[in-house]
Amino acid sequence: MSLKPSPDAQQTFAPATRLVHAGRDPGEQHGFVNTPIYRGSTVLYPTYDAIKNRRGRYNYGTSATPTMDALTTAWTELAGAAGTVVTPSGLAALTVALMAAVSAGDHLLVTDSAYRPTRQFCDGVLARYGVEVTYYDPIIGAGIADLMRPNTRAVLVEAPGSQSFEMQDVPAIAEVAHARDACVIMDNTWATPLLFPPHERGVDIAVEAGTKYLSGGSDLLIGLTSANARYYPAVRRTFDHFAMCAGAEDIFLALRGLRTMNLRLREHGRAGLEMARWFQARPEVLRVLHPGLPEDPGHAIWTRDFAGASGLFGVILKPVPEMALAAMLDGLQLFGMGFSWGGFESLVIPFDCAGYRTATKWAPGGPALRFHIGLEDTADLKADLDAGFARLRAAT
């Protein structure tokens, strides 16, 4: 019996099967199922010739270890990439992608719906080093051609948008960018490659905050940057220059999360859509921001390009006093208030994009809440929220 499927067989596997087997070789681990944690900096060479000519498979702990290789190999296969690097956080993965794609004097286009720390890096670090950044309306699609300049080197997309959940026509944007020899970078954390295959859709460099659905446990910080054959060498050089490597234990936990990510993500998506529809029927709700809903402006793009939804979406309430919103949220028992998502537990945060949007205006018409639906029973979640809405009404 072979301890590892053949490369030809692996090409025929469905994504769920690939997640179980990718990046694992029990034959190299004395039959143990998982690649163990390799913790270390120094790698010893057996001879003068070996160290002089770097003949070993590994040379130093910052560049690669067997544990790191197991994760990057698996993610490369899942994402359909030429290669992947693993970083200590999702933001670190984004900075590696951006630094690999632009240089001083270049112009960068960034969706106005981007993850706010991404904007802070662009406006703080990239601007200081001579990269000009222009923010654009996320629903611009092929119209982004009007914003391209001779020195536009990259376009950053995020679908759906962070907090506000606008859908972007990534293939249309990629076609325009590639016609002008610009790189397309995507934050694909909401969907993961399971629901949106980035490189198949025209993305050159894809970024994932593995802190979210890859982890699944709200207990690690990790990021992944995958790239196609053209851009992976630049990504790898940038990663090596910064030595921006993740910790061995975090990589091991990410590998463990990888094996069950398909099951968890499907359940998050199912429960998320159920809860989004439930919110739609509430009299206190103005609208729900979820591309999986037929009423959502981005639903057609989502249906065309995505294989499903995750558990993250937004809810706009009808106007209420702030004290009423606080009464609702403070008494929730199953929804924690915290700045993350993708774990097994449900979360909610209030948010307001108005202070940092520059290309579009954020005026939702009422208080905005972002929900992540965890793995609890949805009947219990509805009961918790129903009691919260009762508190909201009582305080209005």
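What counts, and where the lines are drawn
- Residues numbered from 1 in each chain as written.
- Predicted model: local features only at pLDDT ≥ 70, side-chain atom pairs only at ≥ 80, totals over all residues.
- Heavy atoms only, no water.
- Pairing = 2+ DSSP bridges.
- Helix = DSSP H or I, 4+ residues; strand = E, 2+ residues; numbered from the N terminus.
- Contact = heavy atoms within 4.5 Å.
- Axes fitted to C-alpha atoms, helices over the stretch in contact; angles between N-to-C directions.
- Core = buried A, V, L, I, M, F, W, Y, C linked by side-chain atoms within 4.5 Å.
- Buried < 20%, exposed > 50% of the residue type's maximum accessible area, 1.4 Å probe, protein only.
- Left-handed = near helix turned anticlockwise from the far one by under 90°.
- Nonpolar A, V, L, I, M, F, W, Y, C, P; charged D, E, K, R; others polar.
- Phe/Tyr/Trp six-rings, centres within 6.5 Å; stacked < 30°, edge-to-face > 60°.
- Expected span 1.5 Å × (residues − 1).

Novice: For this particular structure, what's the right way to read the sheet that holds strand E9 (residues 312-317)?
Specialist: The strands that make up a sheet pair up through hydrogen bonds in the backbone, lying either parallel or antiparallel. The 5 strands are arranged E8-E9-E12-E11-E10 in an open sheet whose pairing can be described as mixed. With partners counted over all chains shown, the strands left at the sheet margins are strand E8 (285-289) and strand E10 (335-336), one partner each. Bridge count for E9 against strand E12 (residues 368-372) is 5 bridges, and the pairing is antiparallel. Of the residues in E12, the one forming a bridge with Leu312 is His372. Its contacts with the sheet put helix H12 (residues 322-330) on E9, strand E11 (346-351) and E12, and the angle it makes with E12 is roughly 10°.

Novice: Looking at this model, I keep getting lost on the environment of His268. Mind explaining?
Specialist: Structurally, the position occupied by His268 is in helix H10 (residues 248-280). Between the C-alpha atom of His268 and that of Gly311, which follows or precedes it by 43 residues, the distance is 4.6 Å. If we skip the residues at most four places from it in the chain, His268 touches Tyr213, Ser310, Gly311, Gly342, Gly343, Phe344, His372, Ile373, Gly374 and Leu375.

Novice: Would you mind showing me how to read the nonpolar core here?
Specialist: A general tendency of soluble globular proteins is for nonpolar side chains to be buried together. Counting residues in hydrophobic clusters, the biggest one holds 89 residues, and the most contacted among them are Leu71, Leu108, Val155, Ile185, Trp190 and Ile205. Apart from the residues lying within four places of it in its own chain, the contact partners of Ile185 are Ala97, Leu98, Ala101, Ala154, Val155, Leu156, Val157, Val203, Ile205 and Val207. Membership of the second largest hydrophobic core comes to 26 residues, among which are Val288, Leu325, Val348 and Leu392.

Novice: Help me understand the pairing of strand E6 (residues 205-209), please; the structure alone is not making it clear to me.
Specialist: Both faces of the sheet carry side chains from a regular strand, because those side chains alternate between them. In terms of residue burial, E6 counts as a mostly covered element, since 5 of its 5 residues are buried. Burial along E6 is two-sided: Ile205, Val207 and Ala209 facing one way and Ala206 and Glu208 facing the other are all buried. The pairing of strand E5 (residues 183-187) with E6 spans 3 bridges and is classified as parallel. Among the inter-strand pairings, Ile185 is bridged to a residue of E6, identified as Ile205. Pairing analysis gives 5 bridges linking E6 to strand E7 (residues 223-227), with the strands arranged antiparallel.

Novice: Would you mind going over the sheet that holds strand E4 (residues 152-158) with me for this structure?
Specialist: If you trace the 7 strands from one edge of the open sheet to the other, you get E1-E7-E6-E5-E4-E2-E3, paired in mixed fashion. With one partner strand each, in any of the chains shown, strand E1 (83-87) and strand E3 (132-136) form the two edges of the open sheet. The sheet shows a mean angle of 20° between the axes of neighbouring strands, direction not considered.

Novice: Help me understand the packing of helix H5 (residues 90-101) against helix H9 (residues 232-242) in this model?
Specialist: The description of two helices packed together rests on the angle between their axes and the distance between the axes. For the pair H5 and H9, interaxial distance at closest approach is 8 Å and the crossing angle is 115°. The hand of the H5/H9 crossing is right-handed. Across the interface between the two elements, Val96, Met99 and Ala100 of H5 pack against Ala234, Val235, Thr238, Phe239 and Phe242 of H9. The class makeup of the residues in the contact of H5 with H9 is 7 nonpolar, 1 polar and no charged.

Novice: Just to check I follow, could you spell out the packing of aromatic side chains for this structure?
Specialist: Centre-to-centre distance and the angle between the planes together describe a pair of aromatic rings. A full pass over the atoms with the stated rule returns 11 aromatic pairs. Ring plane angle 75° and centroid distance 5.3 Å describe the contact between Trp278 and Phe279, whose orientation is recorded as edge-to-face. What makes Trp278 buried here is its relative accessible area of 17%. On the basis of an interplanar angle of 65° and a centroid distance of 6.0 Å, the ring pair of Phe279 and Phe313 is categorised as edge-to-face.

Novice: Looking at this model, I keep getting lost on the side chain of Ser113. Mind explaining?
Specialist: For Ser113, the position within the fold is in the loop between strand E2 (107-111) and helix H6 (116-128). A relative accessible area of 1% places Ser113 in the buried class. Discounting chain neighbours no more than four positions away, the residues touching Ser113 are Pro138, Glu158, Gly161, Ser162, Ser164, Glu166 and Arg357.

Novice: Would you mind showing me how to read unusual backbone geometry here?
Specialist: Residues apart from glycine generally show negative phi values, whereas peptide bonds are mostly found in trans. Residue Pro160 is bonded to the preceding Ala159 through a cis peptide linkage, with omega at -10°. Tracing the chain through its elements places Pro160 in the loop between E4 and helix H7 (170-179). Of note, the phi angle at Arg54 is positive, near 50°, even though the residue is not glycine. For Arg54, the position within the fold is in the loop between helix H3 (48-52) and helix H4 (66-79). Positive phi is not limited to glycine here, since Phe165 has a value of about 65°.

Novice: Would you mind going over H4 with me for this structure?
Specialist: In an α-helix there are 3.6 residues to a turn, and that puts residues three or four apart on one side. End to end, H4 covers 20 Å across 14 residues, agreeing with the expected 20 Å (1.5 Å per residue, within 8%). Burial analysis of H4 places 10 of its 14 residues in the buried class, the great majority of the element. For H4, the set of buried residues is Thr67, Met68, Ala70, Leu71, Thr72, Ala74, Trp75, Thr76, Leu78 and Ala79. Looking at the residues trailing H4, positive phi occurs at Gly80, about 70°.

Novice: How should H7 be read in this particular structure?
Specialist: The complete set of buried residues in H7 reads Val170, Ala172, Ile173, Ala174, Val176 and Ala177. Residues of H7 that are buried in the fold lie against E3, E4 and E5. Positive phi appears at Asp181, one or two residues downstream of H7, with a value of about 60°.

By themselves, these observations are geometric and do not establish any function.
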